[in-house]
Amino acid sequence: MGFIESIQTALVSASPTDRPDDKSRGTYWCDDCDIRIRDVDLEGEPVCPECETEMRFERATGRNCAC
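Thresholds, definitions, all that
- Residues numbered from 1 in each chain as written.
- Predicted model: local features only at pLDDT ≥ 70, side-chain atom pairs only at ≥ 80, totals over all residues.
- Heavy atoms only, no water.
- Helix = DSSP H or I, 4+ residues; strand = E, 2+ residues; numbered from the N terminus.
- Buried < 20%, exposed > 50% of the residue type's maximum accessible area, 1.4 Å probe, protein only.
- Contact = heavy atoms within 4.5 Å.
- Areas by Shrake-Rupley, 256 points an atom, 1.4 Å probe, with all protein chains shown as cover.
- Phe/Tyr/Trp six-rings, centres within 6.5 Å; stacked < 30°, edge-to-face > 60°.

(A) Local environment of the overall build of the chain. Helix and strand counts for the chain come out as one helix and three strands. Tracing the chain from N to C terminus, the helices and strands come up as α-β-β-β. Taking all 67 residues of the chain together, 22% fall into the buried category. Partitioning the intrachain contacts of the chain with sequence separation of at least 6 by distance along the chain shows that 42% fall at a separation of at least 24. Of the roughly 5,300 Å² of accessible surface on the chain, 49% is carried by carbon and sulfur atoms.

This is how it looks when you write it as structure tokens:
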């Protein structure tokens with residue numbers, strides 16, 4: 001396998017299309033505790049489980065994924 005083929009194989013295998021499409025649009029962050037919760041994993045209000053302050057929403061760049 002040549003150099004170009006190796007690069008192409010690596011790029012294809014790292015493609016984000018292999019990720020599940022769970023409709024995530026971003027992540028909620030607590031800046032004080034450095035905790036993040038993906039929007040699809042959140043139940044109820046976006047409140048930090050440690051300090052109980054409101055978390056900020058940050059949209060994912062790219063494929064609507066907060067990974």
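(B) Structural context of the packing of aromatic side chains. Per the counting criterion, the structure on display carries one aromatic pair. Geometrically, the ring pair formed by Tyr28 and Phe57 is tilted, given 4.9 Å between the ring centres and 55° between the ring planes. Taken together, the residues Tyr28 in strand β1 (residues 26–30) and Phe57 in strand β3 (residues 56–59) connect sequence positions 29 residues apart. Residue Tyr28 is classed as buried on the basis of its relative accessible area, which comes to 19%.

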